[in-house]
Structures are given as C-alpha cells and as structure tokens.
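Architecture and fold: a report
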Amino acid sequence: MFEPVLLRNVDVPDGHLLSTYEAGGGYRALRKALGEYTPDEIVELVKESNLRGRGGAGFPTGMKWSFVPKAAGKPKYLCCNADEGEPGTFKDRIIMERDPHQLIEGLAVSAYAIGAETAYVYIRGEYVTAIRRMEQAIAEAHENGYLGIGILGSDFNFMVHIHRGAGAYICGEETAMLESLEGKRAQPRLKPPFPAVAGLYASPTVINNVETLACVPHIVTRGSAWFRGIGPDRSPGPKLYCLSGQVRKPGLYELPMGISLRELVEEHAGGPLPGRKVKAVIPGGVSAPVIPEGELEVSMDFDSLTAAGSMLGSAGVVVIDDSTCMVKLATRIIEFFHHESCGKCTPCREGLDWTVKVLRRIEAGEGETGDLEQLEMLCKGIFGNTFCALGDGAAMGLRAALKHFREEFVAHIEERRCPFH
Amino acid sequence: MTMREEIEAAAARYPDRRSAIMPALMIAQKEHGHLPGPVLEEVAQILGVERVWVYELATFYTLFHTEPIGRFHLQLCDNVSCMLCGSEALLTHLETTLGIRKGETTPDGAFTLSTVECLGACEMAPVMQVGDDYHGNLDAAGLDALLESFRAAERVTSVERAAAAPGE
C-alpha cells in the first residue's frame with residue numbers, strides 16, 4: 001500500500017496552519033538543508049532524484065536549476081507557477097488551500113539551492129481561498145523565522161510574495177507568466193534567452209510548478225534514492241492524479257508515477273457510472289491527446305505516455321463514457337484553445353478560429369465533404385509553427401480525436417446530424 | 001486603508017511599479033465594482049505609469065470588467081469536465097429562471113450570467129463561481145437554493161441600507 005507523501009496533510013483538520021505542519025515534521029527539510037548542505041549539494045541531490053517538472057513538460061528540475069549562472073551581480077528569482085489553468089487539473093489548488101506550508105518550505109529550500117532571495121507565486125485569480133491561505137501561511141512562516149532575514153540562524157535571506165493572476169490560461173506558459181508578472185499582457189517570449197539566464201526583469205529566473213516544489217522537502221528529508229525508488233527510474237516519484245468527468249469517484253489521488261491508466265480509472269476512481277462504459281480517457285489535461293479505451297494499459301509517466309502518442313501533462317485525467325459525442329468534445333476543447341489564444345502568432349490565432357468554425361458546422365449536421373481533410377490541413381498549419389505550446393496542444397488533441405474516432409466525424413457529415421442527439 | 005494606500009502596499013512588493021498594475025486593478029475593481037475609464041486613469045496616476053499600460057491589462061485579462069456587472073456574478077464553468085457532468089442543462093436552467101441569456105444582466109442589476117473556462121475544481125463538477133466562492137456538485141435544485149440565498153442576502157442588505165439611512 002502506497003503511503004501518501006504530498007497529500008499527507010490535506011485531510012488533517014487545520015492542515016493549513018503552521019502548528020499542524022510543524023507537528024507533522026514540517027520545516028525539518030529546510031533546517032537540514034541550511035545546516036548540512038551547500039546550495040550546490042541541494043542541486044546535486046535533486047538531480048540525483050530524477051525529479052521532473054510536474055507542470056506538464058517533465059523537464060528535469062535539478063538540471064533546470066543548474067542552468068542558473070553562478071556569478072553574482074543581478075538578483076536571482078524563483079517563480080512558482082500556480083496558474084493551474086489546464087482543464088481537468090486541480091492538484092495545485094488543493095495543496096495551496098490545505099497544506100500551504102509544504103509549498104513554502106519547498107520554495108525556501110529551492111531558493112537556497114539557486115541563490116534567490118525573492119520568490120513570486122503566481123496564483124490564478126479565481127483561487128481566492130488558496131490565495132488567502134498562502135498569504136496567511138507566509139505571514140506565519142515569517143513570524144516564526146522560516147522566511148525573512150537570517151533564516152533559522154543562517155545567513156540565508158528569503159521572502160515570498162503572491163501575485164494574483166486575472167484570468168488567462170496562457171500564463172501557464174512560463175515566459176507569458178513572466179510578462180504578466182512584469183505588468184504586461186501575457187504573451188510568450190521568443191526563446192532563447194531562456195529564463196534561467198534572462199527571465200523576470202531580465203534576471204536569472206527559475207520557474208517551477210507547485211507540485212514540483214512540494215516534492216523538494218521530501219527529497220531532502222528522505223533522500224534521492226527514496227524518491228527514485230518510487231515508479232520508473234527515469235520518471236520517478238509520488239504523483240498527484242486529478243480524476244474527473246464521467247467516473248464514479250472523481251477526486252485527487254496520490255499514487256506512484258507509472259501506475260497504469262486502467263488501474264487508476266477502474267480501481268482507484270471506481271470505473272464508469274452505472275450502466276455506462278468508458279469510451280476514452282484524456283490523461284493529462286485537455287492538451288493531452290485522448291486515449292481510446294483499448295489502450296488504457298499505458299503507464300502514467302512522462303516517457304510512456306509520450307511513446308503512446310499522448311502526454312502526462314498536468315495529470316488531469318478526464319474520463320469520457322459511451323454517452324458522449326467525440327465531435328462535441330473536440331469542438332469544446334478547440335473552442336477553449338481559441339478563446340485562450342493570446343493572439344500573438346498567426347497560426348494559433350487564425351488557425352484555431354478557422355478550426356472552430358469547421359468543427360461547429362460538423363457538430364451541427366452541416367459538415368461538408370472535405371471537412372476532415374480541411375481539419376487535418378489546419379492541424380498541420382498550426383503544429384510546430386507557433387511561439388508556444390498552446391497551438392501544439394490544440395492540434396495534437398484534434399489529430400488524436402480524428403484518428404481514434406474518425407467514424408463519429410464521418411457519421412455526422414453523412415447523416416447530416418449529431419448521432420448522439 | 002484607502003485605495004491609494006493599498007496600491008502603494010502592493011507596489012512595494014516589486015522592484016518595478018509596472019508590475020503592480022494587476023494588483024492595483026484588482027484593488028480598484030473591488031472598490032468600484034468595475035473599471036470605467038476614470039478609474040483606470042486614477043490607477044495610472046497613482047502608480048505613475050503609462051495609461052496605455054493600464055488599459056491594455058484591463059482589456060486583456062478576463063477577470064477585469066470595464067463595464068458594470070451584476071451584484072452577483074454567476075460564473076458557470078462549461079469546460080470539458082463540467083460539460084461531461086451536465087453543465088449545459090444547468091446553463092439552460094439559469095437562463096430560464098433568470099429570464100436572461102448568458103452574457104446578460106438582470107434588469108434589477110442583481111445577477112450577471114457568464115460561462116467561464118475551467119475553474120480548476122473538476123472533482124466537484126459541475127462548478128460555478130460567485131464572487132469569491134466556489135459552488136460544486138450542482139444540480140437544478142442546488143442552483144435554485146443558491147439563487148434564493150443570494151436574493152435573501154440582497155433583502156438583508158437593502159433593509160440594512162434603509163436602517164442606516166432613515167431620512168433617505
């Protein structure tokens with residue numbers, strides 16, 4: 001039986017208070033890091049753990065940290081991406097609402113490792129409870145010497161600020177988030193330079209996801225070998241899976257990385273609703289291509305899902321049953337990307353507008369011969385031709401729907417109606 | 001704290017005052033209900049930043065409202081997880097009950113009805129945000145109870161207003 005690590009406090013009464021966090025061993029990792037390790041040794045420890053970013057891209061965290069230049073001069077910044085806008089994802093909200101000190105400790109240890117004295121936590125504007133809990137926790141940590149000047153008697157100074165977002169999915173893209181933090185419209189930057197060299201205010205900046213940072217104190221306390229021992233060696237660790245959609249027991253589950261998607265859906269989340277059958281599952285938020293029921297044996301880790309033509313993404317697992325029209329689902333997903341396109345680059349802005357129009361007419365029973373080829377042509381025009389991954393996510397998702405559920409699209413066009421209505 | 005003091009406190013968190021435009025707009029919107037031109041001018045003036053910088057943020061981010069909205073802003077999620085759990089029927093129910101379409105405000109200014117993208121609470125789909133609060137696992141009966149609680153809160157507020165200003 002896997003024992004939860006990241007979620008061990010979330011169901012504890014008053015789990016958001018410092019006293020609860022300390023009673024469960026909280027801030028021991030920070031004390032250990034400051035007392036027993038140099039910053040470089042923390043970076044090495046995280047490298048050895050094979051921790052990979054939980055925001056979606058799966059980039060090795062320790063390697064990302066090691067790109068920060070050693071030379072002093074400009075201040076260095078740590079930014080926490082808590083914008084959590086990927087549809088189907090709610091893990092970071094629950095950590096911040098119910099165990100905010102776990103994130104603050106992760107921020108402090110990570111900032112020590114990269115030499116940052118300031119962190120900004122970019123929290124999406126809708127998460128009012130999470131913002132209040134984080135502000136309260138920062139104040140408590142400050143009063144008790146876990147943040148501020150000379151933390152725990154060391155010469156390490158560190159402060160955390162909250163930056164409240166205002167409704168823009170694109171802020172999940174790290175350079176768009178930096179633009180937003182600088183008080184600009186959230187539009188992605190051209191890379192290079194990468195944020196590790198020139199990020200926030202053109203200073204060296206590391207951007208990590210909430211769950212990634214929450215893993216760090218446990219790696220310090222329990223060691224890198226412990227972390228690597230959970231799940232696949234190249235993609236290890238405890239993992240938060242967000243289960244939603246047409247499933248009996250939606251909720252947040254912490255299980256080892258690499259569990260099979262079928263086990264996750266059928267055993268842990270209780271399988272489909274009474275009288276229904278699972279038709280497909282989106283494994284990592286709506287940017288991740290849909291997986292048909294017959295392929296659910298796939299292992300939930302970065303490499304296995306990429307090999308299967310999808311991605312782990314944010315691990316927002318959305319279950320779709322046999323009552324759902326896949327054309328309607330694809331239309332709703334592309335409408336979302338169209339709405340959230342920042343407008344900076346043409347393939348995404350214009351391509352998605354066109355794609356939505358074609359999908360809506362197919363769903364309305366007004367599709368024309370050649371529309372499916374038109375959609376494929378549009379995906380080709382968007383994929384790989386945009387500034388950031390938003391357009392890629394849209395194109396990959398639509399391609400998968402067309403590949404696995406082509407007969408539903410064809411039926412809409414031939415019957416001139418939605419067969420599900 | 002006055003609005004100016006709150007904005008100055010926010011600006012102190014950043015090395016560049018331009019970064020404080022977003023928090024300043026949040027503070028101003030809380031104070032005024034929405035962000036008409038003169039309020040945007042005031043924010044620009046307090047921070048000492050270009051007016052266009054303030055305008056572009058107020059019109060880019062969806063949580064900022066340059067037009068008046070209802071006292072209760074009903075924001076129903078219609079993204080994938082909520083759609084799979086029946087948000088479409090809930091939208092129809094709200095439109096019928098309130099007599100308005102999505103994007104509109106009731107004539108008494110009480111309710112504005114919007115659909116929004118994923119609120120990040122899919123474990124309790126279908127979800128609606130009203131003000132600062134999330135309401136999950138909704139059905140038609142749950143929505144009716146929620147609307148009634150908002151109307152009751154409105155009645156209390158209007159009685160308090162009348163009591164506080166008996167001469168008016």
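Residues numbered from 1 in each chain as written. Chains lettered and ligands numbered in written order. Predicted model: local features only at pLDDT ≥ 70, side-chain atom pairs only at ≥ 80, totals over all residues.

With respect to the overall build of chain A
Our working rule: Put simply, DSSP H or I for four residues or longer makes a helix, DSSP E for two residues or longer makes a strand, and each gets a number counted from the N terminus. Counting other C-beta atoms within 10 Å of a residue's C-beta gives its exposure: the residue is buried at 20 or more, exposed at 12 or fewer, and partly exposed in between, where C-beta atoms are placed from the backbone. Working definition of a contact: two residues with C-beta atoms, positioned from the backbone, lying within 7 Å.
Counting secondary structure elements, chain A contains 17 helices and 9 strands. Counting only C-alpha atoms and orienting by the principal axes, one finds that chain A spans roughly 75 × 45 × 35 Å. Residue burial in chain A is summarised as follows: out of 421 residues, 54% are buried. Long-range contacts, defined as pairs at least 24 residues apart, comprise 70% of the intrachain contacts of chain A with a sequence gap of at least 6.

Digging into the overall build of chain B
Along its length, chain B carries 7 helices and 4 strands. Taken from the N to the C terminus, the helices and strands of chain B come in the order α-α-α-α-β-α-α-β-β-β-α. Counting only C-alpha atoms, chain B reaches 50 × 50 × 25 Å along its principal axes. Looking at chain B as a whole, 38% of its 168 residues are labelled buried. Counting contacts in chain B only where the partners sit at least 6 residues apart, residues at least 24 apart contribute 56% of the total.

Considerations on the domain arrangement of chain A
Residue and element names in this part refer to chain A. To keep things clear, this is the line we draw: How far each domain reaches was decided by an automatic or database domain assignment. Polar here means any residue outside two lists: the nonpolar Ala, Val, Leu, Ile, Met, Phe, Trp, Tyr, Cys and Pro, and the charged Asp, Glu, Lys and Arg; Gly therefore counts as polar.
Domain boundaries in chain A define domain 1 (18-228), domain 2 (238-321) and domain 3 (326-415). Taking only C-alpha atoms into account, the centre of domain 2 sits 23 Å from that of domain 3. Taken together, the 7 residues of domain 2 in the interface contact 9 residues of domain 3. Of the residues assigned to the side of domain 2 that touches domain 3, the class counts are 5 nonpolar, 2 polar and no charged.

Describing the interface of chain A and chain B
Every contact between the two is made by 40 residues of chain A and, on the other side, 33 residues of chain B. Residue contributions to the side of chain A that touches chain B peak at 6 residues, all from helix 13 (residues 326-340) of chain A. Taken together, the residues that form the side of chain A that touches chain B break down as 18 nonpolar, 13 polar and 9 charged.

Let's talk about the domain arrangement of chain B
When its domains are assigned, chain B resolves into domain 1 (3-60) and domain 2 (72-164). Each of domain 1 of chain B and domain 2 of chain B was reduced to a C-alpha centroid, and the two centroids are 28 Å apart.

Side note on the sheet that holds strand 5 (residues 238-245) of chain A
Convention followed: Pairing between strands is defined by DSSP: at least two bridges between the two strands are required.
The strand order across the open sheet built from 5 strands is 6-5-9-7-8 (chain A), with neighbouring strands paired in mixed fashion. The open sheet has two free edges, formed respectively by strand 6 (251-256) and strand 8 (291-292) of chain A, since each of these has just one partner strand.

Quick look at the nonpolar core
Generally speaking, soluble globular proteins have nonpolar side chains that are buried together. Test applied: Under the definition applied here, buried Ala, Val, Leu, Ile, Met, Phe, Trp, Tyr and Cys residues are grouped into a nonpolar core through C-beta atoms within 7 Å.
Core analysis: the biggest nonpolar cluster contains 178 residues, and A:Cys79, A:Ala108, A:Val281, A:Val317, B:Ala24 and B:Leu25 have the highest contact counts within it. Here the element with the most residues in this core is helix 6 (residues 100-114) of chain A; it accounts for 9 residues. Filtering out sequence-adjacent residues up to four positions away, B:Leu25 remains in contact with B:Leu35, B:Val43, B:Leu57, B:Ala58 and B:Phe64.

Comments concerning helix 5 (residues 91-98) of chain A
The element helix 5 of chain A is extensively covered by neighbouring structure, given that 7 of its 8 residues are classed as buried. Listed in full, the buried residues belonging to helix 5 of chain A are A:Lys91, A:Asp92, A:Arg93, A:Ile94, A:Ile95, A:Met96 and A:Arg98.

Some remarks on the packing of helix 5 of chain A against helix 7 (residues 128-143) of chain A
Residue and element names in this part refer to chain A. Going by this rule: Axes here refer to lines fitted to C-alpha atoms; in helices the fit is confined to the stretch in contact. Angles between the N-to-C directions go from 0 to 180 degrees. An angle below 35 degrees is read as roughly parallel, one above 145 as roughly antiparallel, one from 65 to 115 as roughly perpendicular, and any other as oblique. By the definition used in this description, the sense in which the near helix is turned from the far one sets the handedness, with an anticlockwise turn below a right angle giving left-handed and a clockwise turn giving right-handed.
Contact pair helix 5 / helix 7: the axes reach a minimum separation of 7 Å and the direction vectors enclose 40°. Classified by the angle their axes make, helix 5 and helix 7 are oblique. Regarding helix 5 and helix 7, the two cross each other, and that crossing is left-handed. Contacts from Arg93, Met96 and Glu97 of helix 5 reach helix 7 at Thr129, Ala130, Arg133 and Met134. Each residue belonging to the contact of helix 5 with helix 7 can be placed in one class, and the counts come to 3 nonpolar, 1 polar and 3 charged.

Re helix 6 (residues 87-98) of chain B
All names here are of chain B. Cut-off, in case you're wondering: Expected helix span is taken as 1.5 Å per residue step, with the number of steps being one fewer than the number of residues. Directions are taken from the helix axis to each C-beta atom, and the arc is the one they span.
With 12 residues, helix 6 should cover 16 Å at 1.5 Å per step; its first-to-last C-alpha distance of 16 Å lies within 8% of that length. Burial in helix 6 covers these residues: Ser87, Leu90, Leu91 and Leu94. In a view along the axis of helix 6, the buried residues occupy a sector of 105°, so they form one face of it. Opposite the buried face of helix 6, at more than 90 degrees from it, the exposed residues are Ala89, Thr92 and Thr96.

Here we look at the sheet that holds strand 1 (residues 72-77) of chain B
Residues and elements named next belong to chain B. Here we have 4 strands laid out as an open sheet, ordered 2-1-3-4, and mixed in their pairing. Of all strands in the sheet, those bounded by a partner on one side alone are strand 2 (111-116) and strand 4 (133-135). In this sheet, neighbouring strand axes are inclined to one another by 25° on average, regardless of whether the strands run parallel or antiparallel. In terms of strand pairing, strand 1 meets strand 2 through 6 bridges, oriented parallel.

Here's the deal with the environment of A:Phe227
Residues and elements named next belong to chain A. Note that Phe227 resides in helix 10 (residues 224-228). For the pair Phe227 and Cys215, spaced 12 residues apart in sequence, the C-alpha to C-alpha distance is 9.0 Å. Those residues in contact with Phe227 that lie beyond four places of it in its chain are Ser49, Leu51, Ile219, Pro236 and Gly237.

Side note on unusual backbone geometry
Residues and elements named next belong to chain A. Residue Pro192 follows Lys191 across a cis peptide bond; omega there is -5°. Along the polypeptide, Pro192 turns up in the loop between helix 8 (174-181) and strand 4 (205-209). Between Pro192 and the following residue, Pro193, the backbone shows a cis peptide bond with an omega angle of 5°. Relative to the helices and strands, Pro193 resides in the loop between helix 8 and strand 4. Positive phi, normally seen in glycine, also occurs at Leu152, with a value near 50°.

A word on the pairing of strand 7 (residues 278-282) of chain A
The two faces of a sheet get side chains in turn, since along a regular strand they alternate between them. All names here are of chain A. Counting buried positions along strand 7 gives 5 out of 5 residues, so the element sits mostly inside the fold. As paired elements, strand 7 and strand 9 (residues 316-321) share 4 bridges and run antiparallel to each other. The residue bridging Val281 from the neighbouring strand is Val319, located in strand 9. Inspection of the sheet shows strand 7 paired to strand 8 by 2 bridges, in the antiparallel sense.

Some thoughts on the environment of A:Gly53
Residues and elements named next belong to chain A. If you trace the backbone, Gly53 turns up in the loop between helix 3 (39-49) and helix 4 (61-66). Along the sequence, Gly53 and Gly313 sit 260 residues apart, while their C-alpha atoms lie 9.7 Å from each other. Setting aside residues up to four positions removed in sequence, Gly53 forms contacts with Gly58, Phe59, Thr61, Asn208, Asn209 and Thr212.

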